[in-house]
Amino acid sequence: MEVKDIITNRRTELGLTMKELADMVGVSEGTVSRWESGEIENMRRDKIATLAKVLNISPGIIMEWEEYEPLPDI
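Note that the structure is a prediction, hence the values are computed from the model and not measured.

**Digging into the side chain of glutamate 36**
Along the chain, glutamate 36 turns up in helix α3 (residues 29-37). Residues in contact with glutamate 36, not counting those within four places in the same chain, are Lys4, Ile7, Thr8, Arg11 and Met18.

**Considering the nonpolar core**
Buried together is how nonpolar side chains tend to be arranged in soluble globular proteins. One finds Ile7, Leu21, Trp35, Met43, Leu51 and Ile62 to be the most contacted residues of the largest nonpolar core, which totals 19 residues. Counting residues per element, the ones that place at least two in this core are α1 (3-13), α2 (18-25), α3, α4 (45-55) and α5 (59-62). Excluding residues that lie within four positions of it along the chain, leucine 51 makes contacts with Ile7, Leu21, Val25, Trp35, Met43 and Ile62.

**A look at the environment of methionine 24**
Tracing the backbone shows methionine 24 in helix α2. Given the relative accessible area of 45%, methionine 24 is considered partly exposed. A C-alpha to C-alpha distance of 7.1 Å links methionine 24 and valine 54, two positions 30 residues apart in sequence. Residues contacting methionine 24, with those up to four places away along its chain left out, are Leu16, Thr50 and Val54.

Reading the values: rules and limits
Residues numbered from 1 in each chain as written. Predicted model: local features only at pLDDT ≥ 70, side-chain atom pairs only at ≥ 80, totals over all residues. Heavy atoms only, no water. Helix = DSSP H or I, 4+ residues; strand = E, 2+ residues; numbered from the N terminus. Contact = heavy atoms within 4.5 Å. Core = buried A, V, L, I, M, F, W, Y, C linked by side-chain atoms within 4.5 Å. Buried < 20%, exposed > 50% of the residue type's maximum accessible area, 1.4 Å probe, protein only.

If you want it as structure tokens, here you go:
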């Protein structure tokens, strides 16, 4: 799974809009949209850390050092 898809999936799983995620990370809604479309592939380190915290995933997943395991359906 690509990082852009992980961001989209986790945001959706958490019930967040792009605007809500953007506000929590400290970026514009357009930036979140570009992350999710794959247009922006290289994020600033501080944004990676904040995004990972908000999405409750390891920063290593966003940096593609670790494999993403989606939550099982309950």
